[in-house]
Amino acid sequence: LTPEYSTPKTRGDRVTQRVETRAQKARVAYAGLRETDKVLQSLTTFARRYPVGAVAAVLLVVIGLLAAVAPAVSPHDPLFLNFADLKQPPSSRYFLGTDYEGRDVLSRLIYAGRVSLEVSVLSVLLGTTVGAVWGIASAFLGGKFDIISQRFVEIIMAFPTVILAMGLLLALGGGLWTVTIAI
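Residues numbered from 1 in each chain as written. Predicted model: local features only at pLDDT ≥ 70, side-chain atom pairs only at ≥ 80, totals over all residues. Heavy atoms only, no water.

Undergrad: I would appreciate a short explanation of the overall build of the chain in the present structure.
TA: A count of helical and extended segments in the chain gives seven helices and zero strands. When the elements of the chain are put in sequence order from the N terminus, they spell out α-α-α-α-α-α-α. Intrachain contacts of the chain at a sequence separation of at least 6 include 37% that bridge at least 24 residues. (Helix = DSSP H or I, 4+ residues; strand = E, 2+ residues; numbered from the N terminus. Contact = heavy atoms within 4.5 Å.)

Undergrad: Before we go on, may I ask you to explain the pattern of salt bridges in this structure?
TA: A side chain of one charge can pair with a side chain of the opposite charge when the charged atoms of the two come close. Taken as a whole, this structure holds five salt bridges when the rule is applied. Two residues, Arg103 and Asp99, come together in a salt bridge whose shortest N-O distance is 2.8 Å. Exposure class is identical for Arg103 and Asp99. Each is buried. Here the salt bridges do not stand alone but share partners, grouping Asp99, Glu101, Arg103 and Arg108 into one network. (Salt bridge = Lys/Arg side-chain N within 4 Å of Asp/Glu carboxyl O. Buried < 20%, exposed > 50% of the residue type's maximum accessible area, 1.4 Å probe, protein only.)

Undergrad: How should I be thinking about the packing of helix H2 (residues 51–68) against helix H4 (residues 105–141) in this particular structure?
TA: For any two helices packed against each other, one specifies the crossing angle of their axes together with the interaxial distance. Put simply, H2 and H4 touch, their axes get as near as 8 Å, and they point 100° apart. Put simply, H2 runs roughly perpendicular to H4. Residues Ile63, Gly64, Leu66, Ala67 and Ala68 of H2 touch H4, and the partners they reach there are Ile110, Gly113, Arg114 and Leu117. A breakdown of the residues in the contact of H2 with H4 according to their chemical character gives six nonpolar, two polar and one charged. (Axes fitted to C-alpha atoms, helices over the stretch in contact; angles between N-to-C directions. Parallel < 35°, antiparallel > 145°, perpendicular 65-115°, else oblique. Nonpolar A, V, L, I, M, F, W, Y, C, P; charged D, E, K, R; others polar.)

Undergrad: What is the right way to look at the layout of surface pockets in this model?
TA: Rolled over the atoms, a probe as big as a water molecule pinpoints where empty space is left. The volume enclosed by the largest pocket comes to roughly 630 Å³. Along its surface, the largest pocket is lined by 19 residues, and Ile156, Leu164, Ile181, Ala182 and Ile183 are the ones closest to its centre. When residues of the lining of the largest pocket are traced back to their parent elements, those giving at least two are H4, helix H5 (143–158), helix H6 (161–172) and helix H7 (176–182). Sorting elements by how many residues they give to the lining of the largest pocket places H4 first, with six residues. (1 Å grid on protein atoms, 1.4 Å probe; cavity = no way out; pocket = protein on both sides within 12 Å on 5 of 7 lines; lining within 4 Å. Points joined across faces, edges and corners; volume = space filled by probe spheres on them.)

Undergrad: I would appreciate a short explanation of H4 in the present structure.
TA: Given 3.6 residues to a turn, an α-helix orients residues that are three or four positions apart in the same direction. A rise of 1.5 Å per residue sets the reference length of H4, with its 37 residues, at 54 Å; its end C-alpha atoms lie 53 Å apart and thus fit the reference within 8%. Among all positions in H4, only Ser107, Ile110, Gly113, Val119, Ser123 and Ser138 are buried. The inward-facing, buried residues of H4 contact H2, helix H3 (70–73), H5 and H7. With its phi angle positive at about 60°, Gly142 sits one or two positions after the end of H4. (Expected span 1.5 Å × (residues − 1).)

Undergrad: Explanation requested: the packing of aromatic side chains in the structure shown.
TA: The way to describe two aromatic rings as a pair is by their centre distance and the angle between their planes. Using the criterion set out here, one finds two aromatic pairs in the structure. For the pair Phe46 and Tyr50, a centre-to-centre distance of 5.5 Å together with 45° between the ring planes defines the contact as tilted. On the accessibility criterion, Phe46 (36% relative accessible area) is partly exposed. Directly above the ring of Tyr100 sits Arg103, whose terminal nitrogen or CZ lies 6.0 Å from the centroid. (Phe/Tyr/Trp six-rings, centres within 6.5 Å; stacked < 30°, edge-to-face > 60°. Lys NZ or Arg CZ within 6 Å of the ring centre and 35° of its normal.)

Undergrad: What's the story with the environment of Ile110 in this structure? I'm lost.
TA: Looking at the element boundaries, Ile110 is found in helix H4. Note on Ile110: relative accessible area 10%, which makes it buried. For the pair formed by Ile110 and Ile63, sequence separation is 47 residues and the distance between their alpha carbons is 8.0 Å. Setting aside chain neighbours within four positions, we find Ile110 in contact with Leu66, Ala67, Ala70, Val73, Ser74 and Pro75.

Undergrad: What is the right way to read the side chain of Thr178 from this model?
TA: Mapping Thr178 onto the fold places it in helix H7. A relative accessible area of 7% means that Thr178 is categorised as buried. Sequence-distant contacts of Thr178, defined by excluding residues within four places in its chain, comprise Leu168, Leu169, Leu172 and Gly173.

These figures come from the coordinates and say nothing about function on their own.
Next up, the structure:
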């Protein structure tokens, strides 16, 4: 039997078993640190080779985090109309100023990040899901369905993107889901 599964018969055996267990825990912790070191080394190498990409990645992470915790970090309510502070320039009270209705621009930008991230994630998921299901169905069924679906996709791809999006907006009306489908 290995020491970790054996039952100690004397006090000395228990101490030995405890020391071996601590050593095993230390080995596991050290292995975890080595993995962390590899990740940090990879990130450092990426930052040195591609500094613009690293700065962009940091900005995207910051924007994502700000959007996720928008109610906690937003200095003002983004929808509150303050008619006493119309078109204020940047100041200590409004870091990016106010718009023509007295709303805080910084708060509106932080909350707009939430909508942008939601639309982008939903549109990618929707496009990937519909495309994968359509492609699998076309490959599985084959024949006329495959040819007809190819021609339909070619017809859609022939339209300019902006005109197709505007047509969808006219047909479906405005809203978050319409924008997601149009994208």
